[in-house]
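Okay, here's what each chain looks like letter by letter:
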Amino acid sequence: MDEVMPSRMPTGVPGLDVVLRGGLIPGGLYLLAGAPGSGKTVLSSQLSFSQAASGGAAAYLTLLTETHARLLANLSTFAFFEPRLVGERVHLISGLRPLIESGPDRLYRLIEDELRRKRTSLLVIDGAIALFEAAPSTAEFRSFLNRLKVLLEVTNCTAVLCLPSVRDRDDPVHALADGLVELAIDTVGLRRVRKLVVCKFRGASYLEGFHTFEISRRGFEVYPRTECLLREPSEMPQRAARRASLGVPGLDAMLAGGILEGSATGVLGAPGSGKTLLGMHFLAEGARRGERGLVLSFFESPDRLTGQACGVGIPIDRYLREGSVEITWSSPNEQLIDAIVQGLLARVKARDIRRLFIDGVDAIGRASVYPERVPLVLTALCDELRARNVTPLLAIEAPIIGMESNVPDPMSSMLDATILLRYVELRSHLYRFISVVKARGSAHDASIREFSIGADGIHIESTFESSEALLSGMARAPGDGGEPEGTAEGHGA
Amino acid sequence: MKSIVIVEDEVDLAELLQEHLESRGYRVGVAFDGKAGLSRILDDLPDVVLTDIMMPLMDGLEMLAKLKERPATAAIPVIVMSAIDPDHPHPRLRKPFRLEELDDEIDRALGGGPLASGA
């Protein structure tokens, strides 16, 4: 027999419906818990306006809160606030007087009248702690909640009760509620990060664990934890059959024709070593072949990137004008890793991107307030890109010179191939070298080549068979250390 | 002495307005929802009604419509205090407002202070 899935009432809050796998269940009683300032009022108000905008009616019942005028003034700064809906489909009512004067029973009758008269589809009770405090006994409080639950069921109205916390899991409010969402704020160094967790969601599945969220002028936006959201890629990755040319003939030759389509390739190199130009070659070559490309840049602005590429003959400006290449620039400072990754995936999907160049992928890691998550998130990102047959090229920063030539640990396992760009010091000259240090599932030329950057971009030169320790960055010729074979004056950096 | 009925579901605001207007010499009655407000106005027949719009049990516009239907209350001056701007013909105090603005509107509605003779 087929499983019957309960229908859902979308919250209209970006990301929250993903966490809730569709939204709240109509007629349910939900708790929204969090300390003052955690975002309960913004979230429940956004729910109310979303419900009203989609044709429903919301009753926003205040018990312990600011005045309605102040509440509306504060809400008016958010994009979801729609003044014409206030009084028409979003009704603000104060329940404090009946509660204080006559207790929960009087408040229940007020709610019943409101729900029946206005065909309310969403009831928010802000400051619901006052209910508990005003009830003469736990039994009376439980009785109120029981009656409210029945009322919600028969009117198919969904209720959200805002509380500072659910003190005890044995609390009657917890036992009777269909769901509990908690909001919290983490202090990490000097940053404060808002997070949300669904502690209970009766009768339906949801994304477990904490998910970060932001409150901005756009309102409340939840970013489901990427490694949880993409626990399984959206599609099963196919075996790569075709090669994607990087647009640098000598490098394509080292890779038996190019990198495998749908594979993730890291380009490790020092600042100025040519990573960005290689990325521009890759995207220009894709555009030439009719494959749409995207740059996600964390350091260089679109103008600077375009200028650099055009300066060495890569016509990225033309492809930008044609729309076959796009550049997104974003500072990693104070960003949330899930916001970056999910924004990127949305863009990839919306624009049918086939080639992706992330300039400074390690910046994503530095943006994360939870470093232990970085490898999980990046692995999930690469898996999802593979599943969508997108070929990502990821530029990774390395020291200018020295022994370090490995991809940082968190990233190495997620990459199918690694290209290393090195500055090498030899007899008071700096030379640029390139090598393919890893190409999973593919033949490749393991030699170390010198390369230059000229009027036609990156040009791969000859091998260095007579020098040693090139990857260390401090090469030596056999014997007493002569100039490496094949080196021509002027090819140094 | 002139009388005023305040209909407002936000208790703290209603009580503050009541105290202020009493200190100015008015006789003030208060109701906390539209239904109770209607009943209070029919009983008191005040010189001015000061009402909110969004309230439980009966909203302000419905209450004003019922006042309009009754000859005894149809001509009572009304001042609407609201953060929203629904369609109605009455003077409006946009929430949040200052007490001086309230005083001005009350004086205008009554044609003077608490002891004024004209309405």
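Source: prediction; values computed, not measured.

**Focus on the overall build of chain A**
Logical step 1: If you tally the helices and strands in chain A, you get 17 helices and 20 strands.
Logical step 2: With 493 residues in all, chain A has 58% of them scored as buried.
Logical step 3: Considering only contacts within chain A whose residues lie at least 6 apart along the sequence, 70% involve residues at least 24 apart.
Logical step 4: Entry remark: accessible area of chain A is about 20,700 Å², with carbon and sulfur atoms responsible for 51%.

**Some remarks on the pairing of strand β2 (residues 58-62) of chain A**
Within a regular beta strand, the side chains point alternately toward one face of the sheet and then the other, so they alternate between its two faces.
Residue and element names in this part refer to chain A.
Logical step 1: Most of β2 is tucked away: 5 of the 5 residues are buried.
Logical step 2: Sheet analysis places β2 next to strand β3 (residues 90-94), joined by 5 bridges and oriented parallel. Each residue of the ladder has a partner; that of Leu61, found in β3, is Ile93.
Logical step 3: Both β2 and strand β4 (residues 122-126) contribute to a ladder of 5 bridges, which runs parallel. Counted as the bridge partner of Tyr60 is Val124 from β4.

**Regarding the packing of aromatic side chains**
Pairs of aromatic rings are described using the distance from one ring centre to the other and the angle between the two planes.
Residues and elements named next belong to chain A.
Logical step 1: Evaluated as defined, the whole model comprises 8 aromatic pairs over all chains.
Logical step 2: Here the aromatic residues Phe49, Phe78, Phe80 and Phe81 are joined through ring pairs into a cluster of three or more.
Logical step 3: In this arrangement the basic side chain of Lys195 is found over the ring face of Phe210, its NZ or CZ atom lying 4.2 Å from the centre.

**Observations concerning the interface of chain A and chain B**
Logical step 1: Facing 21 residues of chain A, the contacting portion of chain B comprises 17 residues.
Logical step 2: Where chain A abuts chain B, roughly 1,500 Å² becomes buried across the two surfaces, and 61% of that area is made up of carbon and sulfur atoms.
Logical step 3: The partner of Glu15(B) in a salt bridge is Arg97(A), and the shortest N-O contact between them spans 2.8 Å.
Logical step 4: When contributions to the side of chain A that touches chain B are tallied by element, the ones reaching two or more residues are α3 (68-75), β3, α4 (96-102) and α5 (104-118) of chain A.
Logical step 5: Per element, the largest residue contribution to the side of chain A that touches chain B is 6 residues, and it comes from α5(A).
Logical step 6: Taken together, the residues that form the side of chain A that touches chain B break down as 8 nonpolar, 5 polar and 8 charged.

**What about the pairing of strand β3 (residues 48-51) of chain B?**
Residues and elements named next belong to chain B.
Logical step 1: By the alternation rule, side chains of β3 split into Val48 and Leu50 and Val49 and Thr51, which are all buried.
Logical step 2: Pairing of strand β1 (residues 3-7) with β3 involves 4 bridges; the strand directions are parallel. By the bridge assignment for β3, Ile4 is matched with Val48.
Logical step 3: With 3 bridges joining them, β3 and strand β4 (residues 78-82) adopt parallel strand pairing. Directly across from Leu50, in β4, lies its bridge partner Ile79.

**Regarding the nonpolar core**
Side chains of a nonpolar character, in soluble globular proteins, are inclined to be buried together.
All names here are of chain A.
Logical step 1: In terms of nonpolar packing, the biggest core is built from 60 residues, with Leu196, Phe201 and Phe220 touching the most fellow members.
Logical step 2: With 5 residues, the top contributor of residues to this core is helix α2 (residues 40-53).
Logical step 3: Ignoring anything within four residues of it in the chain, the contact list for Phe201 reads Arg8, Leu20, Gly23, Leu24, Ile25, Tyr30, Asp178, Gly179 and Tyr206.
Logical step 4: Counting residues in hydrophobic clusters, the runner-up holds 36 residues, among them Leu246, Met254, Leu255 and Ile458.

About the thresholds
- Residues numbered from 1 in each chain as written.
- Chains lettered and ligands numbered in written order.
- Predicted model: local features only at pLDDT ≥ 70, side-chain atom pairs only at ≥ 80, totals over all residues.
- Heavy atoms only, no water.
- Helix = DSSP H or I, 4+ residues; strand = E, 2+ residues; numbered from the N terminus.
- Buried < 20%, exposed > 50% of the residue type's maximum accessible area, 1.4 Å probe, protein only.
- Contact = heavy atoms within 4.5 Å.
- Areas by Shrake-Rupley, 256 points an atom, 1.4 Å probe, with all protein chains shown as cover.
- Pairing = 2+ DSSP bridges.
- Phe/Tyr/Trp six-rings, centres within 6.5 Å; stacked < 30°, edge-to-face > 60°.
- Lys NZ or Arg CZ within 6 Å of the ring centre and 35° of its normal.
- Buried area = accessible area lost by both parts, 1.4 Å probe.
- Salt bridge = Lys/Arg side-chain N within 4 Å of Asp/Glu carboxyl O.
- Nonpolar A, V, L, I, M, F, W, Y, C, P; charged D, E, K, R; others polar.
- Core = buried A, V, L, I, M, F, W, Y, C linked by side-chain atoms within 4.5 Å.

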